[in-house]
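# An overview of the molecular structure
The primary structure of each chain is shown beneath.
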Amino acid sequence: MSGERFLKGAKITGVGYYVPEKILTNADFEKMVDTSDEWIVERSGIRERHIARDDQAASDLSYEASIKALEDAGVKAEELDQIILGTATSDMIFPSTACLLQEMLGAKNAAAYDLTAACSGFIFGLSIADSMISSGKAKKILVVGVEILSRITDYTDRATCVLFGDGAGAMVVEECPPGEGILSTFIKTDGKYSDLLYLPGGGSRSPLTEETLKKGEQYLHMRGSELFKYAVKAMVQAAKETLDKAGLGPEDVDFLVPHQANIRIIEGVRKRLKLKKEQLVINIDRVGNTSTASIPIAFGELVESDKKIVKKGDLVLFVAFGGGLTWGAILFRR
Ligand SMILES: CC(C)(COP(=O)(O)OP(=O)(O)OC[C@H]1O[C@@H](n2cnc3c(N)ncnc32)[C@H](O)[C@@H]1OP(=O)(O)O)[C@@H](O)C(=O)NCCC(=O)NCCS
């Protein structure tokens with residue numbers, strides 16, 4: 001095992017997720033833009049995605065996922081030392097969505113803050129939680145990934161609107177003996193490619209005005225095929241480095257939970273790591289790309305489908321990639 005571990009370990013003890021009830025199918029998109037079910041399924045693997053109600057904000061989705069994660073862990077909200085929330089679609093620019101969630105949960109002892117690492121936000125959050133706990137600065141942390149991408153999606157742009165969905169996922173991370181739980185983590189950034197996926201308007205560079213709204217700056221902009229090239233390479237690097245740090249290889253992994261951006265990216269990662277199809281956790285067909293929420297939703301669904309499916313001691317690898325560019329991985333034993 002690498003020398004980066006401290007005297008304490010950090011373990012994921014609870015998982016919860018929430019996806020809104022409303023579903024948009026590929027057939028719905030056929031009526032909205034010039035596309036087809038066949039194109040969407042073949043090029044992305046997506047069949048349907050969930051869309052938040054108008055009265056729901058990121059904190060509402062986060063709350064639903066968080067109460068399930070806390071219940072799963074048997075942890076009370078007041079016991080939390082921190083709440084780390086990854087999102088690019090916070091309720092408002094400030095206060096952070098984590099602050100709003102702290103109040104909703106009654107987590108009165110938790111320091112709460114948001115972080116933005118696009119689709120890798122949940123992995124960045126778990127990595128920080130691991131460092132905080134293994135260095136003795138916290139004992140119980142709630143990590144949340146939430147996205148209401150439907151609010152920043154241009155539903156006239158067929159190249160992006162068919163891809164994204166809304167949802168939230170949460171995990172409770174707690175102190176444990178060293179060598180258990182999280183074995184290694186890896187996070188990385190390359191800001192050179194920040195223009196491949198970004199939301200131009202509403203920040204200090206380009207505040208929303210009538211003019212910027214007319215230009216569509218309130219919507220996310222993506223250069224999909226260029227991102228695609230980096231995604232597979234970055235996710236493979238993250239997986240390999242994380243496994244290397246723990247002295248393990250892809251063959252040791254029981255479940256790989258990749259960020260669900262595109263089935264062809266997931267397949268590319270699987271092939272390059274020489275993994276079997278059975279090792280992969282995939283739900284992109286039913287939820288689309290939920291950005292930072294995708295990994296906790298996919299893992300939450302897996303655990304919920306059958307409590308015995310992920311057994312104690314199983315090796316699980318989370319791997320993400322997103323705008324920034326950002327990418328990373330978390331390796332842990334259940
Ligand atoms: C977005 C993505 C699905 C597009 O697939 P692609 O095979 O790269 O397709 P391209 O963008 O090259 O477009 C190919 C053609 O399909 C068209 N097209 C795009 N969206 C379409 C849609 N919904 N329906 C039908 N045609 C579509 C394009 O206009 C283009 O047409 P043209 O050749 O006449 O110009 C894919 O690039 C992708 O998933 N990229 C990465 C996404 C990602 O990682 N996101 C962020 C990180 S989380």
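Since this is a predicted model, take the numbers as computed values, not measurements.

What counts, and at which threshold
Residues numbered from 1 in each chain as written. Predicted model: local features only at pLDDT ≥ 70, side-chain atom pairs only at ≥ 80, totals over all residues. Pairing = 2+ DSSP bridges. Helix = DSSP H or I, 4+ residues; strand = E, 2+ residues; numbered from the N terminus. Axes fitted to C-alpha atoms, helices over the stretch in contact; angles between N-to-C directions. Contact = placed C-beta atoms within 7 Å. Near = placed C-beta within 6 Å. Nonpolar A, V, L, I, M, F, W, Y, C, P; charged D, E, K, R; others polar. Parallel < 35°, antiparallel > 145°, perpendicular 65-115°, else oblique. Left-handed = near helix turned anticlockwise from the far one by under 90°. Buried ≥ 20, exposed ≤ 12 C-beta atoms within 10 Å, placed from the backbone.

## With respect to the sheet that holds strand β11 (residues 255–258)
Consider a sheet: its strands pair through backbone hydrogen bonds, and that pairing is either parallel or antiparallel. In spatial order, the strands read β8-β13-β12-β11; together these 4 strands make up an open sheet with mixed pairing. Each edge of the open sheet is held by one strand with a lone partner, namely β8 (182–189) and β11. Neighbour-to-neighbour, the strand axes of this sheet turn through a mean angle of 10°, independent of strand direction. Where β8 and strand β13 (residues 326–333) come together, 7 bridges link them in antiparallel fashion. Residue pairing for β13: Phe-186 is matched across the bridge by Ala-329. Against the sheet, helix α8 (residues 224–245) engages β8, β11, β12 (315–322) and β13, with an angle of about 35° to β13.

## So, the site of the ligand
Residues in contact with the ligand amount to 19 residues; listed here are only the nearest, Thr-35, Gly-224, Ser-225, Ala-261 and Asn-262. Of all elements in the fold, only α2 (37–44), α6 (158–161) and α8 reach the threshold of two or more residues within the shell around the ligand. The leading source of residues in the shell around the ligand is α8, at 5 residues. Class assignment for the residues of the shell around the ligand results in 10 nonpolar, 7 polar and 2 charged.

## Description of unusual backbone geometry
Excluding glycine, most residues fall at negative phi; most peptide bonds, likewise, are trans. In this structure, the amide linkage connecting Phe-94 to the following residue, Pro-95, adopts the cis form with an omega of 0°. For Pro-95, the position within the fold is in the loop between β4 (82–86) and α4 (97–105). With an omega of -10°, the peptide bond between Gly-324 and Leu-325 qualifies as cis. In this structure, Leu-325 sits in the loop between β12 and β13. A positive phi is found at Ala-118, a non-glycine position, where the angle reads about 50°. Within the secondary structure, Ala-118 sits in the loop between β5 (111–115) and α5 (121–134).

## Brief notes about the packing of helix α3 (residues 58–73) against α4
Look at α3 against α4: their axes get within 9 Å of each other, and the N-to-C directions meet at 50°. In terms of orientation, α3 and α4 fall into the oblique class. Along this stretch, α3 crosses α4, giving a crossing that reads as right-handed. Seen from α3, the contacting residues are Ala-58, Ser-59, Ser-62, Tyr-63 and Ser-66; seen from α4, they are Thr-97, Leu-100, Leu-101, Met-104 and Leu-105. Residue composition of the contact of α3 with α4, grouped by class: 6 nonpolar, 4 polar and no charged.

## Details of the pairing of β13
Most of β13 is tucked away: 7 of the 8 residues are buried. Examined bridge by bridge, β12 and β13 share 8 bridges and lie antiparallel to one another. Residue Gly-322 lies in a different strand from β13, and its bridge partner there is Thr-326. Following β12, the chain reverses through 3 residues before pairing antiparallel with β13; Gly-324 in that reversal takes a positive phi of roughly 145°.

## Re the sheet that holds strand β6 (residues 140–148)
As summarised here, the arrangement of the 5 strands in space is β1-β7-β6-β4-β5, forming an open sheet in which the pairing is mixed. A strand with exactly one partner marks an edge of an open sheet, and here the two such strands are β1 (9–18) and β5. On average, each strand axis in the sheet is inclined to that of its neighbour by 20°, with strand direction left out of account. Bridge count between β6 and strand β7 (residues 166–176): 9 bridges; the pairing is antiparallel. Within β7, the position partnered with Leu-142 by the bridge is Val-172. Relative to the sheet, α5 contacts β1, β4, β5, β6 and β7, its axis offset from that of β6 by approximately 170°. Along the sheet face, helix α11 (residues 294–305) touches β1, β6 and β7 and points at about 85° away from the line of β1.

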